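# A closer look at the structure
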Amino acid sequence: MTVKKFAVQSAEEALEIAGENDSRLRRLERELGVEILMRQHKEGGGFAVEIRGGQTRVMKAMRRLKERLRLVREQGERQDGGAEPVRDREAHVPEPMDLDSPNLPANGIYRTAAGKIIRPMTANQKRYVDAILNHDLVFGIGPAGTGKTFLAVACALRALELRQVQRVILSRPVVEAGERLGFLPGDLLEKMGPYLKPVYDCFFRMLGPERFRLWRDTETIEIVPLAYMRGRTFEDAFIILDEAQNTTPEQMKMFLTRMGAGSKVVVTGDETQHDLPGHARSGLEAVIAILKSVEGIAFERLTESDVVRHPIVRKIIRAYQEWEAKK
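Chains are numbered independently. Their residues run from 1 in the order of the written sequence. The predicted nature of this model means local features are confined to residues of pLDDT at least 70 and side-chain atom pairs, given and counted, to a pLDDT of 80 or more, with totals for whole chains, interfaces and linings taken over all residues. The basis for every side-chain value is the complete set of non-hydrogen atoms in the structure, without hydrogens or water.

## Here we look at the pairing of strand β3 (residues 47–53)
By the criterion of burial, β3 is predominantly enclosed, with five of the seven residues buried. Pairing between strands requires that DSSP locate at least two bridges from one strand to the other. Secondary structure elements are taken from DSSP: a helix is a run of H or I of four residues or more, a strand is a run of E of two residues or more, and numbering for both begins at the N terminus. Bridge analysis of strand β1 (residues 2–8) against β3 gives seven bridges, and the strand direction is antiparallel. Counted as the bridge partner of Phe6 is Val49 from β3. Sheet analysis places strand β2 (residues 35–40) next to β3, joined by six bridges and oriented antiparallel. The residue bridging Met38 from the neighbouring strand is Val49, located in β3. Each residue is placed in one exposure class: buried if its accessible area under a 1.4 Å probe, protein chains only, is under 20% of its type's maximum, exposed if it is over 50%, and partly exposed if it falls in between.

## Let's talk about the nonpolar core
Each nonpolar core is a collection of buried residues, namely Ala, Val, Leu, Ile, Met, Phe, Trp, Tyr and Cys, held together in the definition by side-chain atoms within 4.5 Å. The biggest cluster of nonpolar side chains holds 35 residues, and the ones touching the most others in it are Tyr128, Val153, Leu157, Phe203, Leu207, Ile221 and Phe238. Secondary-structure elements contributing two or more residues to this core are α5 (123–134), α6 (148–161), β7 (167–171), α7 (188–207), α8 (209–217), β8 (221–223) and β9 (237–241). Considering every element that reaches this core, the biggest residue donor is α6, with nine residues. Contacts are residue-level and defined by heavy atoms, with any inter-residue pair within 4.5 Å sufficient. Setting aside residues up to four positions removed in sequence, Leu207 forms contacts with Tyr110, Ala113, Leu157, Phe212, Trp215 and Ile221. Membership of the second largest hydrophobic core comes to 23 residues, among which are Ile169, Ala237, Ile239 and Val267.

## As for unusual backbone geometry
Glycine aside, residues mostly have negative phi, and peptide bonds are mostly found in the trans state. At Arg163, a residue that is not glycine, the phi angle is positive and equals roughly 65 degrees. Inspection of the secondary structure puts Arg163 in the loop between α6 and β7. Note on Arg163: relative accessible area 24%, which makes it partly exposed. Despite not being glycine, Asp236 has its phi angle at roughly 50 degrees, a positive value.

## Looking at a nonpolar patch on the surface
Judged by side-chain polarity, Ile312, Ile316, Tyr320 and Trp323 come together as a nonpolar surface patch covering roughly 440 Å² of accessible area. Residue Trp323 is classed as partly exposed on the basis of its relative accessible area of 48%. Distance thresholds for patches are 9 Å for like charges and 5 Å for nonpolar side chains (Val, Leu, Ile, Met, Phe, Trp, Tyr), applied to residues having over 30% relative accessible area and no salt bridge. Method for areas: the Shrake-Rupley scheme with a 1.4 Å probe, in which residue coverage is limited to the protein chains shown. One side-chain nitrogen of Lys or Arg within 4 Å of one carboxyl oxygen of Asp or Glu is enough to make a salt bridge.

## Thoughts on the pattern of salt bridges
Applying the stated criterion across every chain yields a total of 15 salt bridges. Residue Lys5 pairs with Glu50 through a salt bridge whose shortest N-O separation is 3.6 Å. Remark: Glu50 occurs in strand β3 and Lys5 occurs in strand β1; sequence separation between them is 45 residues. The partner of Arg68 in a salt bridge is Glu16, with the nearest N and O atoms 2.7 Å apart. With Arg68 in helix α3 (residues 55–77) and Glu16 in helix α1 (residues 11–18), the pair connects residues that are 52 residues apart, well separated along the chain. Taking the relative accessible area as the measure of exposure, Arg68 reaches 2% and is therefore buried. Through salt bridges with shared partners, a single network forms among Lys5, Glu50 and Arg52.

Spelled out as structure tokens, the structure:
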């Protein structure tokens with residue numbers, strides 16, 4: 001980890017650097033994946049700014065803050081009163097958050113923390129990704145291992161880095177797959193952990209644990225249990241509902257109506273494999289029938305030919321389909 005420091009001379013400069021309630025520093029942390037601390041010297045007067053993180057990101061944050069400080073000091077030196085306000089002169093040029101990486105190839109979606117390029121591997125996956133990039137509401141339907149959630153997470157992080165959205169919202173219905181886990185200890189996030197672990201794995205693989213924890217703690221990535229979404233509206237967000245076959249029709253309607261201005265929604269699920277009790281109807285099955293003719297909504301289907309896990313998984317899915325057909 002790289003640590004860099006520089007000095008700020010006065011409270012006025014510190015306010016211009018940090019913004020109200022440190023808003024400018026927090027925004028820079030989210031953009032660059034660094035940690036920024038500002039402390040006043042014990043003897044009073046000046047302040048020390050400390051930046052921690054990867055070397056390239058720290059140096060980028062240092063340049064950004066020092067340029068801001070330079071503009072503040074230039075304005076303070078002018079005596080004619082006609083200087084342009086600093087806040088109006090500060091240019092913000094969108095740039096990738098993954099500052100260590102070169103540009104992506106044409107078919108690339110996202111570059112992971114380890115440098116691997118995420119891209120669609122089959123024709124159906126390519127159509128699915130294109131639908132996500134070109135529609136505000138997309139349903140990805142298919143069996144396990146076809147990349148529904150993995151590609152949705154990659155597209156969400158791509159949208160976040162391109163400043164198309166301000167945050168990523170992740171939700172999943174809490175339904176147990178044939179077993180009872182009982183009451184789980186801890187706070188809400190800890191209780192949801194076992195249910196959201198598959199999606200956590202996607203974020204960990206793409207972001208790395210350090211950046212994922214930073215973005216989760218700053219709610220750039222927010223985990224929202226489906227039952228807690230009622231009454232909320234998510235604007236300028238990329239929202240993913242995973243395992244949607246385990247929603248009821250009422251839950252699905254509630255979820256879809258949380259979508260606010262500037263948001264994009266991806267719903268993933270396997271309509272052949274739900275864990276709802278009794279003969280309850282799946283919300284995914286119902287929504288396909290209800291919204292299939294609505295303009296602007298895309299339904300993309302993936303099949304066992306799109307499975308990108310171990311090759312035997314494809315054979316398992318096909319064998320179960322044949323067995324169920326015989327029943």
